[in-house]
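Analysis of the macromolecular model
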Amino acid sequence: AAVYSVDAGVTTNVAYQWQVNRVGLWENLADGVEYTGTDTDVLTVNTPVSTYNGYRYRVIVSGECTPSVTSEQALLVIDSE
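Starting from 1, residues in each chain are numbered consecutively following that chain's sequence as written. Local features are withheld for residues below a pLDDT of 70 in this predicted model, meaning they are given only at 70 or higher, and side-chain atom pairs are given and counted only at 80 or more; totals for whole chains, interfaces and linings count all residues. Heavy atoms from the whole structure form the basis of all side-chain values; hydrogens and water molecules are not counted.

Attention now moves to the overall build of the chain. In terms of regular secondary structure, the chain is built from 0 helices and 8 strands. Secondary structure elements of the chain occur, N-terminal to C-terminal, as β-β-β-β-β-β-β-β. Three exposure classes are used, based on accessible area relative to the maximum for each residue type with a 1.4 Å probe and protein chains only: buried under 20%, partly exposed in between, and exposed over 50%. Each of the 81 residues in the chain was classed as buried or not, and the buried ones make up 26%. Here, two residues are considered to be in contact whenever any of their heavy atoms come within 4.5 Å of each other. Partitioning the intrachain contacts of the chain with sequence separation of at least 6 by distance along the chain shows that 46% fall at a separation of at least 24. The method behind every accessible area is Shrake-Rupley, applied with a 1.4 Å probe, and residues are considered shielded solely by the protein chains displayed. On the chain, roughly 5300 Å² of surface is accessible, and the fraction owed to carbon and sulfur atoms is 50%. Strands are runs of DSSP state E lasting at least two residues, helices are runs of H or I lasting at least four, and both sets are numbered from the N terminus onward.

In C-alpha cells form, the structure reads like this:
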C-alpha cells in the first residue's frame, strides 16, 4: 500500500477530498477497492500496481476557515525491481 497524509493544523469541522491526476485531469476519489480514506487526513492506495506509476495525488482541505486549501502534489512511483 501507499499512504499519504496531511496535517490541516486544526481538528474541528475539517473536510478532506483527495484527488488523483492520471492523465492531466484532477478527479475526486471515493472509497472502494482501490482507495480508502478519501475523505480523511490519511489516504491509502490499496495494492498499487505498475499502471499507477506516475499518478499524482493531492487533497483539498475545507471547513470553517475559508477559502479551502489545496495541498502540493505527491507523485506515486512504482519501482518494479
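From this point, the narrative continues.
So, on to the packing of aromatic side chains. Any Phe, Tyr or Trp ring, taking Trp's six-membered ring, that has another such ring centre within 6.5 Å forms a pair; planes under 30 degrees apart are called stacked, those over 60 apart edge-to-face, and the others tilted. Counted according to the given criterion, the structure contains 3 aromatic pairs. By the ring-pair criterion, three or more aromatic residues cluster together here, those being Tyr4, Tyr35 and Tyr57. Above the face of the tryptophan 26 ring, arginine 58 is positioned so that its terminal group lies 4.0 Å from the ring centre. When the NZ atom of lysine or the CZ atom of arginine is within 6 Å of a ring's centre and also within 35 degrees of its normal, the charge is said to sit over that ring.

This brings us to the sheet that holds strand E5 (residues 42-45). For two strands to be treated as a pair, DSSP must find at least two bridges joining them. The antiparallel open sheet is built from 3 strands, whose spatial order is E1-E5-E4. Each edge of the sheet is formed by a strand with only one pairing partner; in this case those strands are strand E1 (2-5) and strand E4 (35-36). Relative to E5, E1 runs antiparallel, the two sharing 4 bridges. Of the residues in E5, the one forming a bridge with valine 3 is threonine 44.

All right, on to the environment of tryptophan 26 then. By secondary structure assignment, the location of tryptophan 26 is in strand E3 (residues 26-28). Classification of tryptophan 26 as partly exposed rests on a relative accessible area of 25%. Among residues more than four places away in sequence, those in contact with tryptophan 26 are Gln19, Val20, Asn21, Arg56, Tyr57, Arg58 and Gln73.

The next subject is the pairing of strand E2 (residues 14-21). The pairing of E2 with strand E6 (residues 56-63) spans 8 bridges and is classified as antiparallel. Paired with alanine 15 across the strands is serine 62, a residue of E6. What sits between E2 and E3 in their antiparallel hairpin is a turn of 4 residues, with glycine 24 showing a positive phi close to 95 degrees.

It is worth spelling out the environment of tyrosine 55 at this point. Note that tyrosine 55 resides in the loop between E5 and E6. Relative accessible area serves as the criterion here: at 13%, tyrosine 55 is assigned to the buried category. In this structure the C-alpha to C-alpha distance between tyrosine 55 and glutamine 19, which are 36 residues apart in sequence, comes to 10 Å. Ignoring any residue separated from it by four or fewer positions in sequence, one finds tyrosine 55 in contact with Val20, Asn21, Arg22, Tyr35, Ala74, Leu75 and Leu76.

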